[in-house]
Amino acid sequence: MGRMDGRAAVVTGAAGGIGWATTKRYVEEGAKVVAADRDTERGEALVDDVGPDVTFLECDVSDPEQVRAAVDRCVADHGRIDVLFNNAATSTGGYVADLDLDGWDDSIRVMLSAPLYGMQAALPHMVERRSGSIINTSSVYGQVASAANAPYCAAKAGLINLTRVTAIEYGRLGIRCNAVCPGVVETPMFESVLGIGLTTRDEIAAMHAIGRTIQPSEIADLVLFLGSDESTAITGQAITIDGGLLCEVNLTGVPPLS
Ligand SMILES: NC(=O)c1ccc[n+]([C@@H]2O[C@H](COP(=O)([O-])OP(=O)(O)OC[C@H]3O[C@@H](n4cnc5c(N)ncnc54)[C@H](O)[C@@H]3O)[C@@H](O)[C@H]2O)c1
């Protein structure tokens, strides 16, 4: 008996680290998944890896019609959509006064507007069945900030409150909406952070209470829990999954045990 038997899900950013791991985990637990991403090469590799219970769809989430097509495909193929995992991301950087406005608009569209597009497409189906779980990937950067990162931080913070509003509006209709806020996860996105060259992998690992970064499969386990009936009383939450990254402010200099 799988924890997602008979369920159908749409995962965006499915060809990336967290999306791939989550798609795999959902299928392992019995779900059918429509995997949406603009990266067709990795999308096809995902299908090779996970098997016939995943359908890959080329999708640019900054286009509402393409997001709707992913949801429609899920309903057409499986007769339902139980889980919508809004997870795709891309971002531009720079100090606030210097931000490129096209980059800002694109970042907000992909990380904040696209989850709205997905919800607008999925909610009518979920309302009809009085059941559904929407999970939005925010970040610790939805809760705290970093320099030269305004588009990402603003989009991820906005997504947390979009999550809460959705939870309030649709909770009485049987639909839950939560955000996950990962810390540092070993994916291509993290490699691009290391590529800036100002911090090392070891320095970043040492910032965590658990002394290491996070694996995509650990995020997938949380997204599985939130998509399953094991979390039926959890809605409107921004759940931090950061290995203790945000829990420390060390003013004394006293080192932790190791
Ligand atoms: N890796 C981390 O440390 C970390 C930390 C906190 C939050 N997150 C969040 O986790 C989510 C997944 O990121 P990841 O770490 O797996 O990164 P990733 O770069 O491996 O995956 C992101 C995926 O999104 C896809 N994508 C980007 N723009 C798209 C678009 N317009 N349309 C469709 N697909 C698009 C990419 O092709 C890629 O497959 C993101 O929302 C990210 O912000 C990641």
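Going by the structure above, here's the rest.
Now for a look at the structure at hand. (Residues numbered from 1 in each chain as written. Predicted model: local features only at pLDDT ≥ 70, side-chain atom pairs only at ≥ 80, totals over all residues. Heavy atoms only, no water.)

A word on the pattern of salt bridges
Per the stated rule, a full pass over the model turns up 13 salt bridges. The closest approach of N and O atoms between arginine 25 and glutamate 28, which form a salt bridge, is 3.0 Å. Within this pair, arginine 25 and its partner glutamate 28 are both found in helix α1 (residues 17-28), separated by three residues, close to a single helical turn. With a relative accessible area of 52%, glutamate 28 lands in the exposed category. Salt bridges sharing common partners tie together Arg25, Glu28, Glu29 and Asp221. (Salt bridge = Lys/Arg side-chain N within 4 Å of Asp/Glu carboxyl O. Helix = DSSP H or I, 4+ residues; strand = E, 2+ residues; numbered from the N terminus. Buried < 20%, exposed > 50% of the residue type's maximum accessible area, 1.4 Å probe, protein only.)

A look at the side chain of asparagine 149
Within the secondary structure layout, asparagine 149 lies in the loop between β5 (132-137) and α5 (150-170). Reaching out from asparagine 149, the side chain makes a polar contact with the side chain of serine 146 at a distance of 3.0 Å. Leaving out residues up to four positions away in the same chain, asparagine 149 has contacts with Gly94 and Tyr141. (Polar contact = N/O pair within 3.5 Å; in protein donor to acceptor, adjacent residues only side chain to side chain. Contact = heavy atoms within 4.5 Å.)

A short note on the sheet that holds strand β7 (residues 238-241)
Judged by pairing direction, the sheet is parallel, and its seven strands sit side by side in the order β3-β2-β1-β4-β5-β6-β7 without closing on themselves. At either margin of the open sheet sits one strand with a lone partner, and together these are β3 (54-58) and β7. Here the strands of the sheet are splayed against their neighbours by 20° on average, with no regard to which way each runs. By the bridge criterion, six bridges tie β5 to strand β6 (residues 175-182) in an arrangement that is parallel. Each bridged residue has a counterpart across the sheet, and for threonine 137 the counterpart in β6 is valine 180. Packed on one face of the sheet, helix α4 (residues 101-129) meets β4 (83-86), β5 and β6 and runs near 175° to β4. (Pairing = 2+ DSSP bridges. Axes fitted to C-alpha atoms, helices over the stretch in contact; angles between N-to-C directions.)

Some remarks on the site of the ligand
In the vicinity of the ligand there are 28 residues, among which Asp37, Tyr152, Gly183, Val185 and Thr187 approach most closely. A distance of 2.9 Å separates an oxygen atom of the ligand from a polar backbone atom of glycine 17. One of the backbone nitrogen or oxygen atoms of asparagine 87 is found 2.8 Å away from an oxygen atom of the ligand. Expressed as a share of its isolated accessible area of 820 Å², the protein-covered part of the ligand is 92%. Taken together, the elements giving at least two residues each to the shell around the ligand come down to α1, α5 and α6 (188-194). Among the residues making up the shell around the ligand, the classes are represented as 13 nonpolar, ten polar and five charged. (Near = heavy atom within 4 Å. Areas by Shrake-Rupley, 256 points an atom, 1.4 Å probe, with all protein chains shown as cover. Nonpolar A, V, L, I, M, F, W, Y, C, P; charged D, E, K, R; others polar.)

Let's talk about the side chain of asparagine 178
Within the fold, asparagine 178 resides in strand β6. Owing to a relative accessible area of 0%, asparagine 178 belongs among the buried residues under this scheme. Separated by 3.3 Å, the side chain of asparagine 178 and the backbone nitrogen of glycine 236 make a polar contact. When residues no more than four places from it in sequence are discounted, the contact partners of asparagine 178 are Ile134, Ile135, Asn136, Thr163, Leu226, Ile234, Thr235, Gly236 and Gln237.

Structural notes on the packing of helix α3 (residues 64-78) against α4
Two quantities define a packed helix pair, namely the angle between the helix axes and the distance between the axes. Two numbers describe how α3 lies on α4: the axes approach to 9 Å, and their chain directions differ by 35°. As α3 packs across α4, the resulting crossing turns out to be right-handed. When α3 is examined against α4, the residues Pro64, Val67, Arg68, Val71, Asp72 and Val75 are found in contact with a partner set consisting of Ala114, Tyr117, Gly118, Gln120, Ala121, Ala122 and His125. (Left-handed = near helix turned anticlockwise from the far one by under 90°.)

With respect to the packing of aromatic side chains
Two measures describe an aromatic ring pair: the distance that separates the ring centres and the angle between the ring planes. Throughout the structure, instances matching the rule amount to one aromatic pair. Seen in terms of ring centroids, tyrosine 141 and tyrosine 152 are 6.2 Å apart; in terms of plane orientation they differ by 85°. Their pairing is edge-to-face. Placement of the pair is tyrosine 141 in the loop between β5 and α5 and tyrosine 152 in helix α5, with a sequence separation of eleven residues. For tyrosine 152, a relative accessible area of 12% corresponds to the buried category. (Phe/Tyr/Trp six-rings, centres within 6.5 Å; stacked < 30°, edge-to-face > 60°.)

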